[in-house]
Amino acid sequence: SAPGKCVIDDDMRVIIEKLEAADGYIFASPTNYGTVTALFKRFLERMVVYGYWPWNKPFPAYRKEETKSAICVSSCAAPSLMGRIDFNTLKTLKMAAKNVGAKVVDTLLIGLISSDQTLTVTARDRKRIERTV
């Protein structure tokens, strides 16, 4: 089923068209105050066109079946294990993937990013990224 139409007439329609045309997705956001950034949240809220509330149902439903793949990527100042347990950034990124009909095939959370101004992706994380894509 196609996404609905937003009542706000702006460039979101173009973004939705690009989302629909994509073969897969990478949803990414750093962690700010335990979740995705305000900009990503706004994007997620505008993805409301992908959901609806069926008559006589106690909860909303998604318009899209999981036919595409997505990777969710985040970073945080805390150690990555703590970021996975204590923060909901990856959960929110996964919600965005579900909205557009994508199955999350992998997640990556890079922790301790504030420990070094020249921090680079570790060899371990780089191998994981290469396996995923």
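Right above here is the structure, for reference.
Residues numbered from 1 in each chain as written. Predicted model: local features only at pLDDT ≥ 70, side-chain atom pairs only at ≥ 80, totals over all residues. Heavy atoms only, no water.

A. Here's a closer look at helix H2 (residues 38-46). If you check which residues of H2 are buried, you get Phe40, Leu44 and Arg46. Projected down its long axis, H2 shows its buried positions confined to an angular sector of 165 degrees, all on one face. Residues of H2 that are buried make contact with helix H1 (12-21), strand S1 (24-30) and helix H4 (89-99). (Buried < 20%, exposed > 50% of the residue type's maximum accessible area, 1.4 Å probe, protein only. Helix = DSSP H or I, 4+ residues; strand = E, 2+ residues; numbered from the N terminus. Arc of directions from axis to C-beta. Contact = heavy atoms within 4.5 Å.)

B. Spotlight on the environment of Phe59. Tracing the sequence through the fold places Phe59 in the loop between strand S2 (51-52) and strand S3 (61-62). For Phe59, the residues in contact, after removing those within four places along its chain, are Trp53 and Pro54.

C. Structural context of the environment of Thr118. Looking at where Thr118 falls in the secondary structure, it is placed in the loop between strand S5 (102-110) and helix H5 (123-132). Look at Thr118 and you get exposed, because its relative accessible area is 59%. A sequence separation of 96 residues divides Thr118 from Ala22, and the C-alpha atoms of the two residues are 33 Å apart.

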